Amino acid sequence: VQLVESGGGLVQPGGSLRLSCAASGFTFSSFAMRWYRQAPGKARELVAAITSAGGITNYADSVKGRFTISRDNAKNTVYLQMNSLKPEDTAVYYCYAALALIQRDYWGQGTQVTVSS
């Protein structure tokens, strides 16, 4: 099982990034997917979530209207489009897969996002 994030980097305030998380080794289309983030010295927090078929999404209040989670089950990939980035969005972003029915979940290794001028 692998979840491999990509797309992180350094961006100026107001800029955009698109994170990708490529999944392998499990039935991706059956799993709900989430993006979490963890800033230095802070607890990991949920950023966005999407159901297995992609019909329902949820966002943290801090990113509503700026971030969009989506998935392509044919490509076994989940995305996080991040617009209007702020310095407080700086964190390591993690991809997470969960299937409650079988109590199975997986984490990616994380990708660094730094918002700074």
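As a reminder, the structure under discussion sits directly above these lines.
Description of the structure in this document. (Residues numbered from 1 in each chain as written. Predicted model: local features only at pLDDT ≥ 70, side-chain atom pairs only at ≥ 80, totals over all residues. Heavy atoms only, no water.)

### Focus: the overall build of the protein chain
Each helix and strand in the protein chain was counted, giving zero helices and 11 strands. For a compact globule of 117 residues, the expected C-alpha radius of gyration is about 13 Å, and the protein chain comes in at 13 Å, within 12% of that figure. Buried residues in the protein chain amount to 41% of all 117 residues. Split by element, the accessible area of the protein chain, about 6,100 Å² in all, is 48% carbon and sulfur. Distance from the positive charge centre (11 side chains) to the negative charge centre (7 side chains) of the protein chain: 3 Å. (Helix = DSSP H or I, 4+ residues; strand = E, 2+ residues; numbered from the N terminus. Rg over C-alpha atoms; globule rule 2.2 N^0.38 Å. Buried < 20%, exposed > 50% of the residue type's maximum accessible area, 1.4 Å probe, protein only. Areas by Shrake-Rupley, 256 points an atom, 1.4 Å probe, with all protein chains shown as cover. Lys, Arg positive; Asp, Glu negative; His and termini not counted. Charge placed at Lys NZ, Arg CZ, Asp CG, Glu CD.)

### Considerations on the packing of aromatic side chains
Overall, the coordinates contain eight aromatic pairs when judged by the stated rule. For the ring pair F26 and F31, a centre distance of 4.7 Å and an interplane angle of 65 degrees mean the geometry is edge-to-face. For the pair F26 and F31, one class covers both residues: buried. Among the aromatic residues, ring-to-ring pairing joins F26, F28, F31 and Y106 into one connected group. It is R71 that lies over the ring of F28; its NZ or CZ is 4.4 Å from the centre. (Phe/Tyr/Trp six-rings, centres within 6.5 Å; stacked < 30°, edge-to-face > 60°. Lys NZ or Arg CZ within 6 Å of the ring centre and 35° of its normal.)

Taken by themselves, the reported measurements are silent on function.
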